Amino acid sequence: MQADQVIGSTCPYCGVGCQVSLNIKDEHILRVEAPFDAAPNYGRLCVKGRFGLDYVHHQSRLKAPLIRHTPQPPGQRSPARYPDDWHEATWDEALDLVVRRLLELRWQHGPDSITANACAKATNEDNYLLQKYVRGVLGTNNVDHCTRLCHAGSVAALQLAIGSSAMSNAIAEMKNLECFIVTGSNTTENHPVIGTFLKEAVHQNGAQLIVVDPRQIEMTRFAHLWLRQRPGTDTALFNAMANVILKENLYDEEFIAARTEGFEEYAQSLQGKTPEWAAEITGVPAEDIRAAARIYARAKAAAIYWGMGISQSTHGTDNALTLVNLALLCGHVGRPGTGLNPLRGQNNVQGCSDAGGMPNVYTAYQPVTDPQVRLKFEKAWHTCLSHQPGLTTTEMVDGILTGRVKGWYVMGENPLMSEPDLNHARQAIQHLEFFVAQDIFFNETNVYADVILPAASFAEKDGTFTNSDRRVQRIRKAIPAPGQARADWEIVSELARRSITRICQAADEHTDSPSADMDRVICHSSEQMLAEWIYAHPSEIWEEMRSVTPDFYGITYQRIDQEGGVHWPCPTLDHPGSPYLFAKSFPRGRGKFWPVAYGTDSELPDDEYPFTLSTGRLLYHWHGGTLSRASALTDIWPECTVEMHPQDAGHLSLQTGDWVDVSSRRGAITARLLVTGRSPQGTVFIPFHFVEAAANVLTDLRLDERAKIPDYKVCAVRIAKATAAPIRPGAETPLTQRGTIKDPTAP
Ligand SMILES: Nc1nc2c(c(=O)[nH]1)N[C@H]1C(S)=C(S)[C@@H](COP(=O)(O)OP(=O)(O)OC[C@H]3O[C@@H](n4cnc5c(=O)[nH]c(N)nc54)[C@H](O)[C@@H]3O)O[C@H]1N2
Ligand SMILES: Nc1nc2c(c(=O)[nH]1)N[C@H]1C(S)=C(S)[C@@H](COP(=O)(O)OP(=O)(O)OC[C@H]3O[C@@H](n4cnc5c(=O)[nH]c(N)nc54)[C@H](O)[C@@H]3O)O[C@H]1N2
Ligand code: SF4
Ligand SMILES: [Mo]
């Protein structure tokens, strides 16, 4: 069939940021293709980009603002049913209610009683405005997003060691690699197009690949060496590799002298960390550790790619530090084909962080605690700003329980599927005084809200996403939004204007409020603020953002249109952009070695809960399933599977297809067993996509102290054969309600 028009855009699923050509017919996405001449994917797409975008047309998209009939008393908030518990409202009604309730909380309990979640699926412009609203109008730095649950460990480590957390290599470079390590990244399922480039490096370029992963992921088939460590033992393994490199004099003395500090102390800390020592802890043969160390250190150029297996741990920061240490030790950073690459997950998680969607920084990591920086933003936004870093997403949940947080604004996230220990998170959410959510669908979280604001999807708005290699790329409006849904940036700017007006009208009644000082500033500059909060198009938001962000200053919509995308840092209009980083120096000056001791704070298996649970992803699904289960992908992998090693299954007399109960100290789920050697003995793997068997009911709350990231890769569970298909509280979900999936309690 012939398309009416073809619109260039960016895939809304993962951080590879594939360029797509949306073939539009009668306001529908008829077909998705990829331009062969465009970075980063050069014509390639994975199954999600090609066949998974039809969620935008799903009949259950949110089409009108919704207001809940009955107020929810704190402590007794419950999930609502659609349509019984909601009524459709006009935008005026819904926005006025949101403004009224948020400002009441702000006046009564202070700005820090409100928190917000930014959205790594939405655009840079959407997120820039959200944090500008939260900071500049509400008056708190309480804004964070899923990066906390994701690469927080990597970010903490990279900041400590080199002062920048972005990926150092460009995607385009990957197929020319000579040697690389992939660890804790199931690349072919989760960054599939990057996976194709990495496979090409091995098959066509003869690159040497070392995979370090407990699970037999597809990349192991391409590896020269696969080190299958016990989950959670990475620091021992990478320290032992460093020990070999030191002992055999394979390190880069020149690089260490010229570009690093802390080497002596680090070298000391490696004493006794022999491969034999590590073999005991990790289960990896000492000779394999030696071989891996030699391959990596002797390579002329070698890069490291990593993912959640490294970051999502109570010692995620330590894990990532051991990788940075290795790269510094061998001088494998700052030259083509070398580098440190935490593969970013969501389509725009890089951009959401860059746009200031974090509690401690404004755009491009300018700290809220730096008075000069704060002054710059106060001038640009005509307001006064808090110098107190805000709460992280994981702290927000606890903040609700302790009464510190009263109001929550969630733009496009689904914490009641993605946070650890869901029963704890569900309990917390009940205590909110006011809850507003802005999404394109109902999800497990926003059914608890007082107000839901319907947002436009990626295909229905303009803006930019920043992919994993820091390339700022366009999305373009290709179809109209359903019903009254509006782009996130439009909703937020409308909220901001109404809030400013209301603050000015009512400031006199709240002179005792903790926000009184800020109110005075806002009243004084309200005219400028109101004018400045009018945006005709996202390009105007980008213009404002680049004017306050030196790293983005050289990037304009015009340039992106001409060049396809521009890599930041890009400080001037004639700067070519920066696909590679750290050629001459690190942002912190010298790279710093950080000694790391092996230890574990994870919940380890015992007699009562004898299995290790590892959670993660499947190629065909996305996080809580809100998007992928509203797309054609859902038919390919319709239900949750618990992956178990054949030997374990044998001991328990279980076989593929059996229903099993999986329980931890936090809760229990029931799902179908898949017997396979992919997971190591003693470990079961469960994807966290399926609400009817939500893996996060089982996971553990403990956090990495520095990064505040939970341990999604190690906790203890028990498995028993279940007698029947599951009937569990919570099984009736927004997904079953809207008919997207079969009700598991139905016959
Ligand atoms: N299809 C699909 N793709 C996605 C997503 C999705 O939901 N679905 N989500 C996106 C997002 S936000 C992200 S962050 C990325 C995540 O992408 P990945 O980082 O690939 O994520 P995971 O599948 O969670 O886990 C990665 C690997 O860690 C390994 N692992 C487990 N325990 C350990 C350990 O102790 N040490 C080490 N070294 N490895 C271990 C697992 O075996 C697995 O191979 O994917 C993105 N892409
Ligand atoms: N057990 C376990 N838990 C995990 C992980 C794990 O490996 N194991 N991984 C963690 C990681 S790495 C991540 S990143 C998180 C992800 O956690 P979340 O970010 O909570 O997950 P998503 O399902 O991607 O939520 C995205 C929401 O945005 C909505 N949305 C999509 N597009 C738009 C838009 O344009 N505007 C608006 N307003 N909304 C939109 C979708 O409908 C959906 O409700 O999960 C974490 N949780
Ligand atoms: S690799 Fe990622 S960006 Fe590319 S098509 Fe697949 S999901 Fe989309
Ligand atoms: Mo992520």
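Here the structure is a predicted model, which is why all the values come from computation and not from measurement. (Residues numbered from 1 in each chain as written. Chains lettered and ligands numbered in written order. Predicted model: local features only at pLDDT ≥ 70, side-chain atom pairs only at ≥ 80, totals over all residues. Heavy atoms only, no water.)

What am I meant to see in the overall build of the protein chain here?
Per the secondary structure count, the protein chain includes 25 helices and 26 strands. Taken over C-alpha atoms, the radius of gyration comes to 25 Å for the protein chain, in line with the 27 Å a tight globule of 747 residues would show. Taken along the three principal axes of its C-alpha coordinates, the protein chain extends 75 × 65 × 60 Å. Burial statistics for the protein chain: of 747 residues in total, 65% are counted as buried. Long-range contacts, defined here as pairs at least 24 residues apart, represent 74% of the contacts in the protein chain between residues at least 6 apart. For the protein chain, the accessible surface area stands at approximately 26000 Å², while carbon and sulfur atoms represent 50% of it. Computed over 70 positive and 86 negative side-chain charges, the inter-centroid distance for the protein chain is 3 Å. (Helix = DSSP H or I, 4+ residues; strand = E, 2+ residues; numbered from the N terminus. Rg over C-alpha atoms; globule rule 2.2 N^0.38 Å. Buried < 20%, exposed > 50% of the residue type's maximum accessible area, 1.4 Å probe, protein only. Contact = heavy atoms within 4.5 Å. Areas by Shrake-Rupley, 256 points an atom, 1.4 Å probe, with all protein chains shown as cover. Lys, Arg positive; Asp, Glu negative; His and termini not counted. Charge placed at Lys NZ, Arg CZ, Asp CG, Glu CD.)

What am I meant to see in the pattern of salt bridges here?
Pairs may arise between side chains of opposite charge once their charged atoms sit close together. For the structure on display, the rule yields 42 salt bridges. The residue E261 makes a salt bridge to R588 at a minimum N-O spacing of 3.3 Å. Of the two residues, E261 sits in strand 11 (residues 260-261) while R588 sits in the loop between strand 19 (566-567) and strand 20 (591-592), which places them 327 residues apart along the sequence. Note that R520 and D517 form a salt bridge whose closest N and O atoms lie 2.4 Å from each other. Here R520 pairs with D517, and both are found in helix 20 (residues 516-524), just three residues apart, close to one helical turn. Sharing partners across several salt bridges, the network here consists of E603, D606, E608, R665, R666, D700 and R702. (Salt bridge = Lys/Arg side-chain N within 4 Å of Asp/Glu carboxyl O.)

Even after reading the chapter, I still don't get the site of ligand 3, so can you show me in this structure?
As a structural note, the neighbourhood of ligand 3 is formed by C11, Y13, C14, V16, G17, C18, L45, C46, K48, G49, P192 and V193. The cavity where ligand 3 resides is the second largest cavity. The set of elements that each furnish at least two residues to the shell around ligand 3 consists of helix 1 (47-51) and helix 6 (192-205). For the shell around ligand 3, the class distribution of residues is nine nonpolar, two polar and one charged. (Near = heavy atom within 4 Å. 1 Å grid on protein atoms, 1.4 Å probe; cavity = no way out; pocket = protein on both sides within 12 Å on 5 of 7 lines; lining within 4 Å. Sits in = over half its atoms within 2 Å of the grid points. Nonpolar A, V, L, I, M, F, W, Y, C, P; charged D, E, K, R; others polar.)

Looking at this structure, I do not really get unusual backbone geometry. What am I missing?
The bulk of non-glycine residues show a negative phi, and the bulk of peptide bonds are trans. That bond from Y82 to P83 is cis: its omega, 0°, falls within 30 degrees of zero. Take P83: it is sitting in the loop between strand 4 (66-68) and strand 5 (86-88). Backbone geometry at Y365 places phi at a positive 65°, although glycine is not the residue there. Within the fold, Y365 resides in the loop between helix 14 (349-354) and helix 15 (371-381).

Looking at this structure, how should I read the environment of R559?
Within the secondary structure, R559 sits in helix 23 (residues 557-563). Taking relative accessible area as the criterion, R559 reaches 9% and is therefore assigned buried. Residues R559 and L573, spaced 14 residues apart in sequence, show a C-alpha to C-alpha distance of 8.7 Å.

What is the right way to read the sheet that holds strand 5 from this model?
Backbone-to-backbone hydrogen bonds join strands into a sheet, with any given pair of strands oriented parallel or antiparallel. The strand order across the open sheet built from seven strands is 5-4-16-15-14-6-7, with neighbouring strands paired in mixed fashion. The open sheet has two edge strands with one neighbour each: strand 5 and strand 7 (143-144). The pairing of strand 6 (residues 114-117) with strand 7 spans two bridges and is classified as parallel. Along strand 7, the bridge assignment pairs N117 with D144. With respect to the sheet, helix 2 (residues 91-109) is in contact with strand 4, strand 5, strand 6, strand 14 (407-411), strand 15 (434-439) and strand 16 (451-454), its orientation differing from that of strand 16 by roughly 130°. The sheet contacts of helix 16 (residues 393-402) involve strand 6, strand 7 and strand 14, and relative to strand 6 the element is tilted by about 145°. (Pairing = 2+ DSSP bridges. Axes fitted to C-alpha atoms, helices over the stretch in contact; angles between N-to-C directions.)

Even after reading the chapter, I still don't get the domain arrangement of the protein chain, so can you show me in this structure?
One frequent convention defines the size of an interface as the accessible area lost when the parts assemble. Each assigned domain of the protein chain is listed here: domain 1 (90-145 + 350-551), domain 2 (152-343) and domain 3 (611-738). Across the contact, 20 residues belong to domain 1 and 25 residues belong to domain 3. Between domain 1 and domain 3, a total of about 1800 Å² is buried, with carbon and sulfur atoms accounting for 66% of that surface. Looking only at domain 1, the three residues that lose the most surface to domain 3 are M417, P420 and D421, adding up to 31% of its buried area. (Domains from an automatic or database assignment. Buried area = accessible area lost by both parts, 1.4 Å probe.)

I'm lost on the packing of aromatic side chains in this one. Help?
Any pair of aromatic rings gets described here by the distance separating the centres and the angle formed by the planes. Counting across every chain of the model gives 20 aromatic pairs. For the pair F377 and W381, a centre-to-centre distance of 5.1 Å together with 65° between the ring planes defines the contact as edge-to-face. In this pair, F377 and W381 both sit in helix 15, four residues apart, roughly one turn of the helix. The same class applies to F377 as to W381, namely buried. With centroids separated by 5.6 Å and ring planes inclined at 25°, the aromatic side chains of W542 and F552 adopt a geometry described as stacked. (Phe/Tyr/Trp six-rings, centres within 6.5 Å; stacked < 30°, edge-to-face > 60°.)

Honestly, the side chain of D700 in this entry has me stumped. Any pointers?
Mapped onto the elements of the fold, D700 is located in the loop between strand 25 (683-687) and strand 26 (715-721). Within the structure, D700 has its side chain in polar contact with the side chain of R702 (distance 2.4 Å). Excluding its chain neighbours within four sequence positions, the residues that come into contact with D700 are P420, E603, R666, P710, D711 and C715. (Polar contact = N/O pair within 3.5 Å; in protein donor to acceptor, adjacent residues only side chain to side chain.)

Teacher, can you tell me more about the side chain of S386 here?
Within the element layout of this structure, S386 appears in the loop between helix 15 and helix 16. Classification of S386 by relative accessible area gives buried; the value is 17%. One polar contact links the side chain of S386 to the main-chain amide nitrogen of Q388, over a distance of 3.1 Å. Other than its neighbours up to four places away in sequence, S386 contacts G139, N141, Y362, V368 and R374.

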